[in-house]
Amino acid sequence: MKKLFKNVRLKGCSQPVDLYVENGVFKEIGPYLQVKCDDTVDLGGKLAVPPYVDAHLHLDYVYTARKEGARNDTGTLFEGIQRWSETKGDITVEEVKERAKKAIKQEVLQGVQFIRTHADVTDPKITGLKALLELREELKDYVTIQIVSFPQEGMYAYKGGDELVEEGLKMGADCVGGIPHYEFAREFGEKSVHKTVELALKHDKMIDVHCDETDDEQSRFLELLATLTYMEGIGEKTAASHTCAFGSYNNAYAFKLMKVLGLSKINFISCPTENIYLQGRFDTYPKRRGLTRVKEIIEAGMNICFGQDSIEDPWYPAGSGNLMIVLDHGIHIAQTMSFDDFENALDLITVNGAKTLNISDQYGIEEGKPASFITLNADNPVDAVLRRVGVLDSVRNGEFLFRRAPEVITTNLEFLK
Ligand code: FE2
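As a starting point, this report considers the structure included with it.

Procedures and definitions
All residue numbers refer to position in the chain's written sequence, counted from 1. The predicted nature of this model means local features are confined to residues of pLDDT at least 70 and side-chain atom pairs, given and counted, to a pLDDT of 80 or more, with totals for whole chains, interfaces and linings taken over all residues. Each side-chain value is derived from all of the structure's non-hydrogen atoms; neither hydrogens nor water enter the calculation. In the cavity and pocket records, a cavity denotes points on a 1 Å grid over the protein atoms alone where a 1.4 Å probe fits but cannot get out, a pocket denotes an open set with protein on both sides within 12 Å along at least 5 of 7 lines, and lining residues are residues with an atom within 4 Å of a point. Grid points are joined across faces, edges and corners, and a volume is the space filled by probe spheres set on the points. Residues are grouped as follows: nonpolar covers Ala, Val, Leu, Ile, Met, Phe, Trp, Tyr, Cys and Pro; charged covers Asp, Glu, Lys and Arg; every other residue, Gly included, is treated as polar. Paired strands, as defined in this entry, are two strands with at least two bridges between them according to DSSP. Put simply, DSSP marks the helices as runs of H or I at least four residues long and the strands as runs of E at least two long, and each gets a number from the N terminus on. To get an axis, a line is fitted to the C-alpha atoms, and for a helix only the part in contact is used. The angle between two axes follows their N-to-C directions and goes from 0 to 180 degrees. Centres within 6.5 Å make a pair out of two Phe, Tyr or Trp rings, where for Trp the six-membered ring is used; the pair is then stacked when the planes are under 30 degrees apart, edge-to-face when over 60, and tilted otherwise. Residue exposure (1.4 Å probe, protein chains only): buried if accessible area is under 20% of the type maximum, exposed if over 50%, otherwise partly exposed. Only lysine NZ and arginine CZ atoms are considered, and such an atom sits over a ring when it is within 6 Å of the ring centre and within 35 degrees of the ring normal. We call an atom a donor if it is N, O or S and sits within 2.8 Å of the metal, or 3.2 Å for Na, K and Ca. Water is not counted, so some sites may look partial.

### Brief notes about empty space enclosed by the protein
For step 1, the next point in the chain: Per the counting criterion, the structure on display carries two cavities of 30 Å³ or more.
For step 2, the next point in the chain: In this structure, the largest cavity spans a volume of roughly 90 Å³.
For step 3, the next point in the chain: Every residue lining the largest cavity is counted, 14 residues in all, and those nearest its centre are H58, L77, H210, E213 and W315.
For step 4, the next point in the chain: For the lining of the largest cavity, the per-class residue count stands at five nonpolar, five polar and four charged.
For step 5, the next point in the chain: The computed volume of the second largest cavity comes to approximately 50 Å³.
For step 6, the next point in the chain: What lines the second largest cavity is D60, W84, K88, I91, D120, D123 and G128.
For step 7, the next point in the chain: Taken together, the residues of the lining of the second largest cavity sort by class into two nonpolar, one polar and four charged.

### What about the sheet that holds strand β15 (residues 399–403)?
For step 1, the next point in the chain: Pairing is mixed in the open sheet, where seven strands are placed in the order β3-β2-β1-β4-β13-β14-β15. Looking along the sheet, the strands with just one partner apiece sit at the ends: β3 (25–30) and β15. In this sheet, adjacent strand axes meet at a mean angle of 30 degrees when their direction is disregarded.
For step 2, the next point in the chain: As paired elements, strand β2 (residues 17–22) and β3 share five bridges and run antiparallel to each other. Residue pairing for β3: V21 is matched across the bridge by F26.

### Quick word on the packing of aromatic side chains
A ring pair, where both rings are aromatic, is described by two values, the distance of the centres and the angle of the planes.
For step 1, the next point in the chain: For the structure shown, the criterion picks out twelve aromatic pairs.
For step 2, the next point in the chain: Ring centres of F5 and F400 lie 5.6 Å apart, and the angle between their planes is 75 degrees; this geometry places the pair in the edge-to-face category. Highlighted residues: F5 in strand β1 (residues 2–9) and F400 in strand β15, separated in sequence by 395 residues.
For step 3, the next point in the chain: Owing to a relative accessible area of 27%, F400 belongs among the partly exposed residues under this scheme.
For step 4, the next point in the chain: Here the aromatic rings of F339 and F342 are separated by 5.7 Å at their centres, their planes lie at 55 degrees, and the arrangement is tilted. Placement of the pair is F339 and F342 together in helix α11 (residues 339–344), with a separation of three residues, close to one helical turn.
For step 5, the next point in the chain: Relative accessible area serves as the criterion here: at 59%, F339 is assigned to the exposed category.
For step 6, the next point in the chain: The exposure class of F342 is buried, given its relative accessible area of 6%.
For step 7, the next point in the chain: Within the aromatic cluster, the residues linked to one another by ring pairs are F5, F26, F373 and F400.
For step 8, the next point in the chain: Residue placement shows R220 over the ring face of Y249; its charged tip is 5.5 Å from the ring centre.

### Comments concerning the coordination of the iron ion
For step 1, the next point in the chain: Bound to the iron ion on the protein side are H56 (NE2), H58 (NE2), H210 (NE2) and D309 (OD), at distances that span 2.2 to 2.7 Å.
For step 2, the next point in the chain: The sequence pattern formed by the donor residues of the iron ion is H-x1-H-x151-H-x98-D. With H58 in the loop between β5 (52–57) and α1 (77–87) and H210 in strand β9 (residues 206–211), this residue pair connects regions lying 152 residues apart in the sequence.
For step 3, the next point in the chain: Overall, the relative accessible area of 3% leaves H210 in the buried class.

Below, the structure written as structure tokens:
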């Protein structure tokens with residue numbers, strides 16, 4: 001099958017280009033391509049970017065916020081965990097699949113084609129993981145899903161937690177998870193980071209740790225995760241999610257920490273809407289923002305991306321799967337809004353996410369790569385972000401997932417036309 005997607009704008013290109021696709025792969029990219037093909041579509045000169053990547057989402061929790069007993073009155077992370085723990089007993093594979101499917105559909109319709117989801121395995125039946133493993137296969141034509149074997153209630157907060165994480169890996173999870181700041185003692189938190197790395201090496205998996213998701217400036221598991229993965233040479237396969245405490249560390253310690261972070265090459269995932277909501281809850285005023293040092297991480301040349309984290313669950317009552325909203329909040333909270341920042345802002349929900357997921361070799365609008373991209377209702381990246389534009393088209397392996405007509409406004413007023 002030969003297809004020509006005509007007339008799109010790419011970041012950094014002064015004129016529109018055409019994308020020629022053969023059998024689902026970009027064959028040639030350039031202006032005014034003269035090729036014989038089976039199908040030609042004009043995309044109207046809109047900005048084309050690689051599909052959005054949601055690097056951090058809890059699909060097994062979505063749409064449980066309004067469930068009986070799940071209401072989180074304090075709005076803290078710890079009450080969220082407590083409410084989930086108390087109400088998760090009755091979930092079934094079918095029920096999780098139904099909710100997760102609804103959330104995935106929401107995300108795909110807003111340009112997402114790659115999701116890394118965490119699956120809580122601290123449930124002896126491992127229901128959430130079973131459901132998400134089935135969906136990973138069933139929906140692979142629409143979205144690529146990576147799954148983290150995630151011990152929401154800790155690896156060492158009760159007996160057998162670490163074994164459940166390993167069981168999740170044997171069942172087919174892609175990444176090892178952890179939550180060291182939630183373990184009951186610092187030593188157990190450290191032990192869980194060691195175990196995470198050990199399991200990743202043993203089963204040849206990636207790592208994605210909920211790391212220091214707290215305002216406690218004494219929560220310092222990031223240094224251990226970075227050091228261990230640096231020593232093992234697996235930093236690029238590792239993601240540190242949240243790292244909120246990094247925003248509270250004193251500057252002398254943060255300066256020292258930056259060295260091993262850079263050496264390790266680990267990836268950072270920040271969830272701006274989630275953490276501006278959850279953190280700072282024990283502060284009066286001044287009230288902390290709860291985000292990691294996004295700006296400093298970018299300036300140091302390290303990789304960081306954004307994720308949605310929650311969609312209506314006991315941790316966070318909102319969330320729509322629209323990564324443009326997450327991005328808009330993120331750049332405000334992190335104060336990364338120079339015009340150079342705007343130019344590169346979409347990287348935080350596209351290429352940086354792909355690098356975190358270790359899929360860069362199969363991702364991007366480049367000859368020889370799978371022909372997957374989205375178009376945005378703008379003709380350049382700065383306007384796209386400033387105006388928070390929507391996604392018009394989503395193409396996966398050379399086929400449209402959907403097309404959306406631009407908004408039409410009806411008015412008789414000359415001024416508004
Ligand atoms: Fe999370």
